[in-house]
Amino acid sequence: MLDRQDWLQEEILRFKREKDVLILAHNYQIPEVQDIADIVGDSLELSLQAANTQRARIVFCGVYFMAETARILSRKPVLMPVESAGCPLANMATAEALRQWKVEHPQAAVVAYINSSAAVKALSDIVCTSANALKIVQTVPQNEVIFLPDQGLGSWIAEQTDKQLWLWPGFCPTHYHLVPNDLARARQLHPSAKVLVHPECRHEVRALADAVLGTGGMLRLVHTDPAAAFIVGTEEGLLHRLRKENPGKEFFLASPLLLCPNMKKTDLASLHRCLAENCTQIEVPSEVEEGARRALERMLSIS
Ligand code: 13P
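Values in this document were obtained by computation on a predicted structure and should not be read as measured data.

A. Structural detail: the sheet that holds strand 4 (residues 78–79). Spatially, the 4 strands line up as an open sheet ordered 2-1-3-4, and their pairing is parallel. The open sheet is flanked by strand 2 (39–41) and strand 4, the only strands paired with a single partner. For strand 1 (residues 21–26) and strand 3 (residues 57–61), the ladder comprises 5 bridges, and the chain directions are parallel. Opposite I23, over in strand 3, you have V59 as the bridge partner.

Below, the structure is given as structure tokens:
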């Protein structure tokens, strides 16, 4: 008899075929979910996959803003196994507060990190991800930019451009757990390891790293870098792919607190239920859908 895990995997694959579903999973998902997905990737890669898929529907294993983005870009039904998997960072910016900032900074372009609601994207000129934020900020014609909602990524961009950035005070609670002391301890334990951190980390943490990269950038660097060991300053889910794709190398999580509870809500049982019962379908408020699509498609056109 099949054990429960094998049965769930078989059923998920059967539903996926029968219902013509594309399963997308973010790099922070648990290993079992990553292993059954069609595509595992960073925010930009998954957005591109959603925009270009020929499948009839998408199941998105990630957090809410990602599924919402997939729905907007694909114009197809998008289902999410656990609808309550939100992003606290995305929730730190409201459309109402952004309207006020736009009044206060009338000359500024608005660049919204993809970790934001459709309502915020709709009020923005263009969207960016960790993979293309610097390029996007450099591309907008204005010299002033309202950058929201992540002050970690925003301050990292501000350090690399002459433009005036107005930084929203949002932050990722998971990446903010990482403090300089963690990196000092990790370097002491693994002196030859390279330190990679996500741009959502604090400035003091980024300053101590060997490289600052989004999850896709970390994967690409590790494939080509001669180092044999890496200290990883991002959510622990990424270690699964890093280890799987680089069996000869070693990876150490920079802090045991680098765990996003929302990314861990999806498992094989919830993915199975989602496929079996066609729930939960993501709806985007009609009054913001067009505006959010415009800002997202602008990003894709220059990525
Ligand atoms: P990446 O695009 O680097 O995968 O980042 C996604 C994210 O939500 C980080 O918290």
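B. Highlighting the packing of helix 4 (residues 64–74) against helix 15 (residues 286–301). Where helix 4 meets helix 15, the closest approach of the two axes is 9 Å, and the angle between their N-to-C directions is 90°. Relative to helix 15, the element helix 4 is oriented roughly perpendicular. Packed against helix 4, whose contacting residues are T69, I72 and L73, the element helix 15 presents E289, A292, R293, L296, E297 and L300 at the interface. When its residues are assigned to classes, the contact of helix 4 with helix 15 shows 5 nonpolar, 1 polar and 3 charged.

C. How the structure looks around the packing of helix 12 (residues 215–224) against helix 13 (residues 238–245). Between helix 12 and helix 13, whose axes approach to 10 Å, the crossing angle comes to 20°. Considered as vectors, helix 12 and helix 13 are oriented roughly parallel to each other. As for how helix 12 packs across helix 13, the hand of that crossing is right-handed. Residues T215, M218, L219, V222 and H223 of helix 12 pack against L238, R241, L242 and E245 of helix 13.

D. Geometry of the site of the ligand. Taken together, H26, Y28, D42, S43, M66, N115, S130, H175, H198, E200, G214 and T215 make up the full set of residues adjacent to the ligand. Within the contact set of the ligand, an oxygen atom lies 2.9 Å away from a side-chain nitrogen or oxygen of S43. Here E200 contributes a side-chain N or O atom positioned 3.0 Å from an oxygen atom of the ligand. Here the residues of the shell around the ligand are counted per class, giving 2 nonpolar, 8 polar and 2 charged.

About the thresholds
Residues numbered from 1 in each chain as written. Predicted model: local features only at pLDDT ≥ 70, side-chain atom pairs only at ≥ 80, totals over all residues. Heavy atoms only, no water. Pairing = 2+ DSSP bridges. Helix = DSSP H or I, 4+ residues; strand = E, 2+ residues; numbered from the N terminus. Axes fitted to C-alpha atoms, helices over the stretch in contact; angles between N-to-C directions. Parallel < 35°, antiparallel > 145°, perpendicular 65-115°, else oblique. Contact = heavy atoms within 4.5 Å. Nonpolar A, V, L, I, M, F, W, Y, C, P; charged D, E, K, R; others polar. Left-handed = near helix turned anticlockwise from the far one by under 90°. Near = heavy atom within 4 Å. Polar contact = N/O pair within 3.5 Å; in protein donor to acceptor, adjacent residues only side chain to side chain.

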